Amino acid sequence: EKAANQNNIKAQFILGNIFSDGIFIKKDIKKAIYYYELASKNNHSSAQFNLASIYENGILIERDINKAIQYYILAAKNKNSKAMYNLGALYLQGENVPYDFDKGLYYLELSANQNNSRAQAFLGQLYSSNIDVKVDINKAIYYYDVAAKQNVIEAQINLGNIYMNGEYISVDINKAIYYYKIA
């Protein structure tokens, strides 16, 4: 705690984790938030992400979606791909925040460009589903492929389906079998 109080960002973040997870001690969400906030003020993107998750999920505190978004945006500005993914998903699902397709797509693409496989698979689904956006099978295949290369089973299966069904492209049974086998 001495290091954390002397502005040691790593110590602040680690103490936030210890109090949040109850590692070696009893969980104390107020202390976790305190230390995460200290680290957050020093642009620690994982601390910002953890704060956002705490507020989004209402983990041992009252849920506050506005604070969650605030911290996700801070983390996203600090290149946290998980925060970018969560923002994109929040805006596209429109359950706890107003639906905003453009913001959702923006954050998902930022996350995917940082090699976040969940964002890549989500974008593959988006571009292959004809929901919210016109089908773009080339973009769908691109995003599914980069996610499949990171062993995302859903992306592998969906690529197999695309090549098997031939709805938007020619049937390619060999590619379909390949993706089904690696799934």
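Starting afresh in each chain, residues are numbered from 1 along the sequence in its written order. pLDDT decides what is reported in this predicted model: residues at 70 or higher carry local features, side-chain atom pairs at 80 or more are listed and counted, and totals for whole chains, interfaces and linings draw on all residues regardless. In computing side-chain properties, one takes all heavy atoms of the structure into account and sets aside hydrogens as well as water.

Below, the discussion takes up the overall build of the chain. Working definition: helices are DSSP H or I runs of at least four residues, strands are E runs of at least two. Numbering for both runs from the N terminus. Summing up its helical and strand segments, the chain has 11 helices and zero strands in all. In what follows, residue pairs with any heavy atoms lying within 4.5 Å of each other are defined as contacts. Excluding contacts between residues fewer than 6 apart, the proportion of contacts in the chain whose partners are at least 24 apart in sequence is 38%. Surface summary for the chain: the accessible area is close to 10100 Å², and the carbon and sulfur share equals 49%. For the area figures, the Shrake-Rupley method with a 1.4 Å probe applies, and any residue is considered shielded solely by the protein chains shown.

Attention now goes to helix H2 (residues 9-21). One turn of the α-helix equals 3.6 residues, which is why residues spaced by three or four share an orientation. Helix span, expected: 1.5 Å multiplied by one less than the number of residues in the helix. For H2, built from 13 residues, the straight-helix expectation of 18 Å at 1.5 Å per residue is met to within 8% by its first-to-last C-alpha distance of 18 Å. Backbone nitrogen of lysine 10 and a side-chain oxygen of the N-cap are separated by 3.1 Å at the start of H2; the cap is asparagine 8. Glycine 22 occupies a position one or two residues after H2 and carries a positive phi of about 70 degrees. Polar contact is defined as a pair of N or O atoms within 3.5 Å, subject to the rule that within protein one atom must be able to donate a hydrogen and the other to accept it, and that residues adjacent in sequence are counted only when both atoms are side-chain atoms.

The working definition used for a salt bridge is a side-chain nitrogen of Lys or Arg within 4 Å of a carboxyl oxygen of Asp or Glu. Counted by the stated rule, this structure contains one salt bridge. Across the pair aspartate 145 and lysine 149 runs a salt bridge, and its minimum N-O distance is 3.1 Å. The cut-offs for exposure are 20% and 50% of the maximum accessible area for each residue type, with area from a 1.4 Å probe on protein chains only; residues under the lower value are buried, those over the upper are exposed, and the others partly exposed. Residue classification places aspartate 145 among the buried residues on the basis of a relative accessible area of 18%. Residue classification places lysine 149 among the exposed positions, given a relative accessible area of 63%.

Core analysis: the biggest nonpolar cluster contains 30 residues, and Tyr36, Ile69, Tyr72 and Leu87 have the highest contact counts within it. Of all elements in the fold, only H2, helix H3 (29-41), helix H4 (45-57), helix H5 (65-77) and helix H6 (81-93) reach the threshold of two or more residues within this core. Among all residues touching tyrosine 36, those that are not within four sequence positions of it are Gln12, Phe13, Gly16, Asn17, Ser20, Ala47, Asn50, Leu51 and Ile54. Core analysis: the next-biggest nonpolar cluster, separate from the first, contains 27 residues, Tyr85, Ala121, Ala140 and Tyr179 among them. For our purposes a nonpolar core is just a set of buried Ala, Val, Leu, Ile, Met, Phe, Trp, Tyr and Cys residues, chained together by side-chain atoms within 4.5 Å.

As a per-residue quantity, pLDDT reports the predictor's confidence and falls between 0 and 100. Per-residue confidence for the chain gives a mean pLDDT of 94; residues scoring 70 or more make up 97%. The secondary-structure element of the chain with the lowest mean pLDDT is helix H1 (residues 2-5), recorded at 60, while helix H9 (residues 137-148) shows the highest, at 98.

Moving on to the environment of aspartate 64. Relative to the assigned elements, aspartate 64 resides in the loop between H4 and H5. Residue aspartate 64 is classed as partly exposed on the basis of its relative accessible area of 25%. As a C-alpha pair, aspartate 64 and asparagine 96 span 32 residues in sequence and 9.9 Å in three-dimensional space. Engagement of the side chain of aspartate 64 in a polar contact is seen with the backbone nitrogen of asparagine 66, the distance being 3.2 Å.

Where two aromatic rings form a pair, the distance of their centres and the angle of their planes describe that pair. Stacked, edge-to-face and tilted labels apply to pairs of Phe, Tyr and Trp rings (six-membered ring for Trp) whose centres lie within 6.5 Å, assigned for plane angles under 30 degrees, over 60, and everything in between, in that order. Under the counting rule described, the total for this entry stands at 12 aromatic pairs. Centroid distance tyrosine 127 to tyrosine 143: 6.1 Å. Interplanar angle 10 degrees. Geometry classified as stacked. Linking tyrosine 127 in helix H8 (residues 117-129) with tyrosine 143 in helix H9, this pair joins segments that are 16 residues apart in sequence. The class of tyrosine 143 is buried, set by a relative accessible area of 9%. Members of the aromatic cluster, joined through ring pairs, are Phe19, Tyr34 and Tyr35.

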